[in-house]
Amino acid sequence: MKAQFGVIGLATMGQNLALNMAQHGFSVAGYNRSAERTQALMARVKDEPILPTFALPEFVSALARPRAILLMVQAGRPVDEVPSELFPLLEPGDLLIDGGNSHFADTERRIREAESRGLLYLGVGISGGEAGALEGPALMAGGHAADYARIEPIFEAIAARGLDGPCTGYFGPGGSGHYVKMVHNGIEYAIMQTIAECYDLLKRGLGFTPSEIAAVFAEWNQKELESYLLEITVDILRTKDSETGGFLVEAIKDAAEQKGTGKWSTQAALDLGAPTPTLAEAVFARIVSALKEERVRAEKVLPGPAPNPPLPVQETLENLRKAYALAVITAYAQGFRQLRDASTEHGYGFSLAEVARVWTAGCIIRARMLQDMREAFRREPDLPLLVLAEPFREFWVKGQESLRDVVCLAHRTGIPVPAFSSALNFLDAYRTGRLPANLTQAQRDYFGAHTYERLDRPGKFHTRWEEAPRC
Ligand SMILES: NC(=O)c1ccc[n+]([C@@H]2O[C@H](COP(=O)([O-])OP(=O)(O)OC[C@H]3O[C@@H](n4cnc5c(N)ncnc54)[C@H](OP(=O)(O)O)[C@@H]3O)[C@@H](O)[C@H]2O)c1
């Protein structure tokens, strides 16, 4: 009997996805460059139908034709290197699925390369980490619809169960699936940064211990703010360091790393002209955090504000909860806006309601609020910004003063809050009918003759500013 599905790359994700498929009754052939990982997978297999292979030709001949192969190798060059070895072994009609965090433009190039050889190729963003891969991830697919239809039953079987069924979706041609996953990660960065800012304000502003902060987050996580990222943060803040007996989180070096998807999301937003400042600030916050030695030196020479009087605890907690909700909503709003613009620009043609549906379970940014987001985009598919729709507008109405208070408090006490500040700045700019960009346009015209438009009549205008009469 030949295996129904192949997985190449048996590290964290590939190994768990292979087990997930096999546990759902699909026979899987697995291959990894180094044999150790294949053996590690087999050590976890009980009676699941998984066939280990130790060379690419052996792997390819173990698969039923036309073959379907999931590539779960490290993103970047390996996603070109492995197919270049694999392609000569495949036959027309075989399907290669890149399930890693590939850049959407690379996926579009790889689809063309595969097609030139008569092969089929899908780019699929997979979210959920190790546990998700095993128990049910969220899957975001792009490529040809017919190729997705071929593997949809297996994706439906292994995906997380959301409100309306399995969290797998087809988002259009080319690199659409990887684009959606990239923006998912951009939003993930912004939410993580917002939670980190809450932690800092509670720790340095109110003097809370990690377990007291965990209790605050646990309470928020009971109701409308419930999310996977808050849930794991509660666990993290309560975790003991086995070496010191103190809180593990306090023993971890404060320098955040990144693998690139958050940065790509911001780069792509800039290319599109999509306004995602809070997502961008989260990337910059990680970059600043990585300057650990410089920051330690600067701390000694750049003094902060004078000590403030103690903060009112209940009032600060209430403001922080409302501000957190608004900053998180803003992160989703900016991400969905980028996806809306990208779908039009790249011709993906996906629906934002479907994106929200696929994100309701399995993925890292799953949250109770996604159900309302889905409804908002169902009611108004072309909604320009989530905060214009209920119940999100109401969060702004009821929470804007709290967000302002939190940003003021942070600035007064010298605690950096790039996500909170940028969310507030963005929403204030978005709701302002007349911004000072008229002055910017005048300056551009003054030094570069770039012309400007007028409010009172159509057309492009240029003024010889040096010679013009003054008021
Ligand atoms: N880890 C997560 O939580 C997560 C979540 C979502 C998406 N992803 C994405 O999913 C993909 C896989 O992630 P991962 O964490 O499971 O693994 P990874 O650490 O990103 O990559 C390790 C795997 O890639 C293989 N590999 C690397 N270079 C290779 C090459 N030149 N030729 C053949 N194989 C090569 C390794 O084989 P060897 O064992 O021989 O070194 C190993 O199987 C990545 O794109 C990642 O960004 C990861």
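Residues numbered from 1 in each chain as written. Predicted model: local features only at pLDDT ≥ 70, side-chain atom pairs only at ≥ 80, totals over all residues. Heavy atoms only, no water.

Looking at the domain arrangement of the protein chain
How big an interface is tends to be stated in terms of accessible area lost as the parts join. Rules: Per the annotation, domain bounds derive from an automatic or database assignment of domains. We call two residues contacting when some pair of their heavy atoms lies within 4.5 Å. A side-chain nitrogen of Lys or Arg and a carboxyl oxygen of Asp or Glu constitute a salt bridge if their distance falls within 4 Å. Working definition: helices are DSSP H or I runs of at least four residues, strands are E runs of at least two. Numbering for both runs from the N terminus. Just so you know the grouping, Ala, Val, Leu, Ile, Met, Phe, Trp, Tyr, Cys and Pro go in nonpolar, Asp, Glu, Lys and Arg go in charged, and all remaining residues, Gly too, go in polar.
Per the domain assignment, the segments making up the protein chain are domain 1 (5-174), domain 2 (181-430) and domain 3 (435-471). The partner domain 2 presents 24 residues to the 28 residues of domain 1 that form the contact. Of the charged contacts in the structure, one is a salt bridge between Asp-164 and Arg-374, with a shortest N-O distance of 2.3 Å. Listing elements by their share of the side of domain 1 that touches domain 2, those giving two or more residues are helix 5 (104-116), strand 6 (120-127), strand 7 (138-142), strand 8 (161-162), strand 9 (165-166) and strand 10 (168-170). Counted by class, the side of domain 1 that touches domain 2 contains 12 nonpolar, 13 polar and three charged residues.

A word on the environment of Thr-53
Our working rule: Accessible area is worked out with a 1.4 Å probe on protein chains only. A residue is then buried under 20% of its type maximum, exposed over 50%, and partly exposed in between. Any N or O atom pair separated by 3.5 Å or less is treated as a polar contact, with the protein-specific requirement of one donor-capable and one acceptor-capable atom, and with residues adjacent in sequence counted only for side-chain atom pairs.
On the secondary structure map, Thr-53 appears in strand 3 (residues 50-53). We classify Thr-53 as buried; its relative accessible area is 1%. Counting along the chain gives 351 residues from Thr-53 to Arg-404, while the straight-line C-alpha distance between them is 59 Å. Sequence-distant contacts of Thr-53, that is, excluding residues within four places in its chain, are made with Gly-30, Tyr-31, Thr-38, Glu-58, Phe-59 and Ala-62. Among the polar contacts listed, one links the side chain of Thr-53 to the backbone oxygen of Gly-30, at a separation of 2.8 Å.

What to know about helix 9 (residues 210-220)
Helical geometry note: an α-helix holds 3.6 residues per turn, so side chains three or four residues apart project in the same direction. What helix 9 keeps buried is the set Pro-210, Ile-213, Ala-214, Val-216, Phe-217, Ala-218 and Trp-220. Against the buried residues of helix 9 lie helix 8 (176-205), helix 10 (228-238) and helix 14 (313-346).

Remarks on the site of the ligand
Keep this limit in mind: Any residue with at least one heavy atom within 4 Å of a molecule or strand is counted as near it.
Residues in contact with the ligand amount to 21 residues; listed here are only the nearest, Met-13, Asn-32, Ser-34, Arg-37 and Asn-101. The separation between an oxygen atom of the ligand and a polar main-chain atom of Gln-74 is 3.0 Å. In this structure, an oxygen atom belonging to the ligand sits 3.5 Å away from a main-chain N or O atom of Ala-75. Every element with two or more residues in the shell around the ligand is listed here: helix 1 (12-23) and helix 4 (78-86). Of all the elements, helix 4 adds the most residues to the shell around the ligand, at three residues. Grouping the constituent residues of the shell around the ligand by class yields nine nonpolar, eight polar and four charged.

Observations regarding the pattern of salt bridges
One pass over the full model with this rule turns up 29 salt bridges. Two residues, Asp-80 and Arg-110, come together in a salt bridge whose shortest N-O distance is 2.9 Å. Of the two residues, Asp-80 is situated in helix 4 and Arg-110 in helix 5; the sequence distance between them amounts to 30 residues. Asp-456 is the salt-bridge partner of Arg-454, the closest N and O atoms lying 2.8 Å from each other. With relative accessibility at 36%, the residue Arg-454 sits in the partly exposed group. Via salt bridges that share partners, Asp-80, Asp-106, Arg-109, Arg-110 and Glu-113 belong to a single interconnected network.

A short note on the pairing of strand 1 (residues 5-8)
For clarity, the cut-off: Between any two strands, at least two bridges found by DSSP are needed for them to pair. Crossover handedness is defined by viewing with both strands directed away from the observer: a clockwise path from the first strand over the helix to the second marks the crossover as right-handed.
Here strand 1 shows a buried face lined by Phe-5 and Val-7 and a second buried face lined by Gly-6 and Ile-8. Pairing between strand 1 and strand 2 (residues 28-31): four bridges, direction parallel. Opposite Gly-6, over in strand 2, you have Ala-29 as the bridge partner. After leaving strand 1, the chain enters helix 1 and then returns to the sheet as strand 2, a path that is right-handed. Note that strand 1 and strand 4 (residues 68-71) share three bridges and pair parallel. Each residue of the ladder has a partner; that of Gly-6, found in strand 4, is Ile-69.

A look at the pairing of strand 2
Both faces of strand 2 are covered, namely the face carrying Val-28 and Gly-30 and the face carrying Ala-29 and Tyr-31. Alignment of strand 2 against strand 3, held across four bridges, turns out to be parallel. Residue pairing across strands places Ala-29 opposite Leu-51, the latter belonging to strand 3. Handedness of the crossover is the feature at issue here: the chain leaves strand 2, passes through helix 2 (residues 35-44), returns alongside strand 3, and the resulting connection is right-handed.

Quick look at the packing of helix 8 against helix 14
Using the following cut-off: Fitted lines through C-alpha atoms give the axes, limited to the stretch in contact for helices. The angle between two N-to-C directions lies from 0 to 180 degrees. Angle categories: roughly parallel below 35 degrees, roughly antiparallel above 145, roughly perpendicular from 65 to 115, and oblique for all the rest. Helix crossings get a hand from a simple test, with the near helix turned counterclockwise from the far one by less than a right angle marking a left-handed crossing and a clockwise turn marking a right-handed one.
Following both chains from N to C, one finds helix 8 and helix 14 inclined at 165 degrees, their axes separated by 10 Å at the closest point. When the axes of helix 8 and helix 14 are compared, the pair comes out roughly antiparallel. In the crossing of helix 8 with helix 14, the sense of the turn from one axis to the other is right-handed. Counting all contacts with helix 8, which are made through Tyr-179, Val-180, Met-182, Val-183, Ile-187, Ala-190, Ile-191, Thr-194, Ile-195, Cys-198, Leu-201 and Leu-202, the residues of helix 14 involved are Leu-317, Leu-320, Tyr-324, Ala-327, Val-328, Ala-331, Tyr-332, Gly-335, Gln-338, Leu-339, Ala-342 and His-346.

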